[in-house]
Amino acid sequence: RRPPRSTQSRSSAASDVYKRQSLYYSIPPFENLEFIGAVGNLRPSDIFSTNFALNPNTNELSTLKLVLRVEPLENLKTLVELSTSIDVQKEFVKKVAKNLYNAMASYHKEGLIIGPEGADYLVIPSNFLERWLEKFEIKYRLDPNFILKTD
């Protein structure tokens, strides 16, 4: 026996070619959606980096919702462009670098040497990086999100 024919008209089937599935997440109280990525005919599968572990809004949650939506391609173009311009990992690394810089700058008053041509040189102890890393690890154990609070 033949399977039943699709009840979908040709025009709606053709318009589905221009639709894509988008993936979002939502955190309690589940009022807003945050775009993660999209797949479609030209890109039927993908691996999305959620960066949940680096996000203080998600890394300590026991529950979040994933939402899959079918949307027109035009609606997703802007979302995809915006999501690629926000690099969470890069921002995390910048915060770690800023934390390290702040620790080094704490030696500014006692360790600043004016070199030739007025160049400033910062003198720090030879074990500075080891001490900074020890402090970093202690702070991380107390609050895994502490680095995200670095100004």
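An account of the accompanying structure is given in this report. (Residues numbered from 1 in each chain as written. Predicted model: local features only at pLDDT ≥ 70, side-chain atom pairs only at ≥ 80, totals over all residues. Heavy atoms only, no water.)

Examining the packing of helix 3 (residues 88-105) against helix 5 (residues 128-142)
Going by this rule: Interaxial angles span 0 to 180 degrees and are taken between N-to-C directions of axes, which are lines fitted to C-alpha atoms, for helices over the stretch in contact. Secondary structure elements are defined from DSSP: runs of H or I of at least 4 residues count as helices, runs of E of at least 2 residues count as strands, and each element is numbered from the N terminus. Relative orientations are named as follows: roughly parallel for angles under 35 degrees, roughly antiparallel for angles over 145 degrees, roughly perpendicular for angles from 65 to 115 degrees, and oblique for any other angle. By definition, any crossing whose near helix is turned counterclockwise from its far helix by less than a right angle is left-handed, and any crossing with a clockwise turn is right-handed. The contact rule is simple, with two residues in contact once any of their heavy atoms fall within 4.5 Å. By the convention adopted, Pro, Cys, Tyr, Trp, Phe, Met, Ile, Leu, Val and Ala count as nonpolar, Lys, Arg, Asp and Glu as charged, and the other residues, Gly among them, as polar.
Following both chains from N to C, one finds helix 3 and helix 5 inclined at 125 degrees, their axes separated by 11 Å at the closest point. Considered as vectors, helix 3 and helix 5 are oriented oblique to each other. By crossing handedness, the relation of helix 3 to helix 5 is classed as right-handed. Note on element contacts: helix 5 touches helix 3 through Phe-128, Leu-129, Trp-132 and Phe-136, opposite Val-96, Asn-99, Leu-100, Ala-103 and Met-104. For the contact of helix 3 with helix 5, the per-class residue count stands at eight nonpolar, one polar and no charged.

Comments concerning the packing of aromatic side chains
Operational definition: Stacked, tilted and edge-to-face pairs are distinguished by plane angle, under 30 degrees for stacked and over 60 for edge-to-face with tilted covering the rest, among Phe, Tyr and Trp rings (Trp via its six-membered ring) whose centres lie within 6.5 Å. Buried means the residue's accessible area, taken with a 1.4 Å probe over protein chains only, is under 20% of the maximum for its type, while exposed means over 50%, and partly exposed covers the values in between.
Tallied over the entire structure, the rule returns four aromatic pairs. Plain terms: the ring middles of Tyr-24 and Phe-35 are 5.6 Å apart, the flat faces sit at 70 degrees to each other, and that makes the pair edge-to-face. Of this pair, Tyr-24 sits in strand 1 (residues 19-26) while Phe-35 sits in strand 2 (residues 34-39), placing them eleven residues apart in sequence. Taking relative accessible area as the criterion, Phe-35 reaches 17% and is therefore assigned buried.

Some thoughts on the environment of Phe-146
With respect to the element layout, Phe-146 can be found in the segment after helix 5. For Phe-146, a relative accessible area of 12% corresponds to the buried category. Separated by 51 residues in the primary sequence, Phe-146 and Lys-95 have C-alpha atoms spaced 10.0 Å apart. Those residues in contact with Phe-146, other than ones at most four positions away along the chain, are Asn-99, Phe-136, Lys-139 and Tyr-140.

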